[in-house]
Amino acid sequence: MAGRLVSETLTKLSQMGDVTLHEPAGDSPQTERKRRSRKQEFNLNDCISHLSTPRGPKAVMKSMMTTACERNCHYCVFRAGRAKTKRVTFAPDEMAGAFNTLEQAGKVDGLFLSSGIIKGSVTTQDKIIDTADIIRNRQGYRGYIHLKIMPGIEYDQLYRSMQLADRISVNLEAPTTARLAALAPKKIFIEELLRMLQWAEQIRRDHRNEKLASSVTQFVVGAVGDTDLELLSMSDKLYSLAKLARVYYSAFGPVPGTPFENLPATEAIREFRLYQSSFLLRDYKWDVEELPFLRDGNLRTDVDPKQAWADVHLIHQPVELMRAEREQLLRVPGIGPLGANAIISARCRGSLSELVHLKQIGIRSPHKLAKYVLLNGRQPARQLSLF
Ligand code: SF4
């Protein structure tokens, strides 16, 4: 039990609590946020998150080199001058030692390391790199490491971080220069953030034979009037030009003691619809223009974007499942990549003429897609009794 192995560093770590609550790192970001009652004391488990990582499901230690920061992002719990934030700082040796202790005790198998900025981004990134270097090269750890990239670091620091990590985060926070200025006045959109993502892709291209980290980013959603169209247009560019592995969307929540403390929280459903749309761009290769935006540039929150599109485009032109190309099959709500593959191989073996045949090949809710498809030239009857 790691609690018994508590050293001064582990105590410090546990006193920090879940400092990376607002920084998703795995493939199920909406389940990553832990709920903790106000009365409950912090403990070491607060800095351990169970994530789905590119190396599979893992218990990951999520922490920060320091919770002090000289910048003043308006939404952030760690912003300079916020009196309520407890400031805790680790030296690289300390942080690496804490990780080693937990890893050796079998409590974690993975590290997500972020930081506030003190003495500039370059100095801060050096501390992150030093920590990862100790873990990789002195402690010999070969497992999962995800490192945060500070805004505006040097090219060589980015390259070194990518050699040490499996994944790096460069959080854009906002989709445009103007939105970022309203959110985080001391961050510079193009030179400090976008350039990091462009460099990362350049580094991967220039060093094809090396194992280098993939890149992700995060947006804070809904604090400064950003629209879904802005967020998804930038996401689309990042997927195609910077080859991002994924984009995180974090619904804004007001933090007491910050300039945004009185702004309303963004609804969780908006964040969910952004994720659904983002996957349509990344995995289904939709164009941004095909997403069903309303006039104000936002998506409807009451309906899945794929269904909203199908209600306009497929109701009068249903997709014939026996003949459709894979791309057309993927347009049907309820048919994902696995479902499309299953339909293509099933129709080589024989006819799909009833909804029950779709159920048999693994389509989970065939009755929901009945109005968008034809089976052998006929609109299928919605035979709910079969299920
Ligand atoms: S730089 Fe990072 S830690 Fe510092 S205030 Fe901004 S978001 Fe918070």
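The following refers to the structure shown.

Calculation criteria
Residues numbered from 1 in each chain as written. Predicted model: local features only at pLDDT ≥ 70, side-chain atom pairs only at ≥ 80, totals over all residues. Near = placed C-beta within 6 Å. Nonpolar A, V, L, I, M, F, W, Y, C, P; charged D, E, K, R; others polar. Helix = DSSP H or I, 4+ residues; strand = E, 2+ residues; numbered from the N terminus. Buried ≥ 20, exposed ≤ 12 C-beta atoms within 10 Å, placed from the backbone. Contact = placed C-beta atoms within 7 Å. Pairing = 2+ DSSP bridges. Axes fitted to C-alpha atoms, helices over the stretch in contact; angles between N-to-C directions. Core = buried A, V, L, I, M, F, W, Y, C linked by C-beta atoms within 7 Å. Domains from an automatic or database assignment. Expected span 1.5 Å × (residues − 1). Arc of directions from axis to C-beta. Right-handed = clockwise from strand over helix to strand, strands pointing away. Parallel < 35°, antiparallel > 145°, perpendicular 65-115°, else oblique. Left-handed = near helix turned anticlockwise from the far one by under 90°.

## Brief notes about the site of the ligand
- Residues in contact with the ligand, as listed here, are Cys69, Arg71, Cys73, Cys76, Phe78, Arg79, Gly116, Ile117 and Ala184.
- When the residues that make up the shell around the ligand are grouped by side-chain class, the tally is six nonpolar, one polar and two charged.

## Let's talk about the environment of alanine 245
- Take alanine 245: it is sitting in the loop between α7 (228-241) and β7 (246-251).
- Judged by C-beta crowding, with 15 C-beta atoms within 10 Å, alanine 245 ranks as partly exposed.
- Along the chain, alanine 245 and leucine 338 lie 93 residues apart, while their C-alpha atoms are 20 Å from each other.
- Contacts of alanine 245, omitting those with residues within four sequence positions, involve Arg167, Ser214, Ser215 and Val216.

## Description of the sheet that holds strand β4 (residues 145-148)
- Strand order in the open sheet formed by seven strands is β1-β2-β3-β4-β5-β6-β7, with mixed pairing between adjacent strands. One side of each edge strand has no neighbouring strand; the edge strands of this open sheet are β1 (48-53) and β7. Across the sheet, the mean angle from the axis of one strand to that of its neighbour is 25 degrees, orientation sign disregarded.

## Observations regarding the nonpolar core
- Tyr75, Ala132, Leu147 and Leu183 are the most contacted members of the largest nonpolar core, which has 84 residues in total.
- With eight residues, the top contributor of residues to this core is helix α6 (residues 189-206).
- Of the residues that make up this core, three or more belong to each of domain 1 (1-169) and domain 2 (170-304).
- Excluding anything up to four places from it in sequence, alanine 132 contacts Leu113, Ile145, Leu147, Leu164 and Ala165.
- Counting 19 residues, the second-largest nonpolar core is a separate cluster that includes Leu329, Ile335, Ile343 and Tyr372.

## Focus: unusual backbone geometry
- Its identity as a non-glycine residue notwithstanding, lysine 285 has a phi of 60 degrees, on the positive side.
- Relative to the helices and strands, lysine 285 resides in the loop between α8 (268-282) and α9 (305-313).
- A tally of 11 C-beta atoms within 10 Å means that lysine 285 is categorised as exposed.
- With a phi close to 55 degrees, asparagine 376 is a non-glycine residue in the positive phi region.

## A look at α8
- The end-to-end C-alpha separation of α8 is 21 Å, in line with the 21 Å expected for 15 residues at 1.5 Å each.
- Looking only at α8, the buried set comprises Glu271, Arg273, Leu274, Ser277, Ser278, Leu280 and Leu281.
- Those residues of α8 that are buried lie in contact with β6 (214-221), α7, β7 and α9.

## Some thoughts on helix α1 (residues 8-16)
- For α1, the full list of buried residues reads Leu10, Leu13 and Met16. One side of α1 carries all its buried residues, which in axial view fall inside an arc of 115 degrees. Relative to its buried face, α1 has exposed residues pointing more than 90 degrees away, namely Glu8 and Thr11.
- Taken together, the buried residues of α1 touch β2 (56-64) and α2 (92-104).

## What to know about the pairing of β4
- Burial along β4 is two-sided: the face carrying Ile145 and Leu147 and the face carrying His146 and Lys148 are both buried.
- Note: strand β3 (residues 111-114) against β4, three bridges, orientation parallel. Its bridge partner being in β4, phenylalanine 112 is matched across the sheet by histidine 146.
- What joins β3 to β4 is helix α3 (residues 120-138), and the crossover it makes is right-handed.
- Bridge count for β4 against strand β5 (residues 167-169) is three bridges, and the pairing is parallel. Counted as the bridge partner of histidine 146 is arginine 167 from β5.

## Section: the packing of α2 against α3
- Here α2 crosses α3 at 45 degrees, and the two axes come no closer than 8 Å. Regarding the angle of α2 to α3, the classification is oblique. For the pair α2 and α3, the crossing hand works out as right-handed. On the side of α2, the interface is formed by Pro92, Asp93, Met95, Ala96 and Phe99, while α3 contributes Lys127, Asp130, Thr131, Ile134 and Ile135.
- Class assignment of the residues belonging to the contact of α2 with α3 gives a composition of six nonpolar, one polar and three charged.

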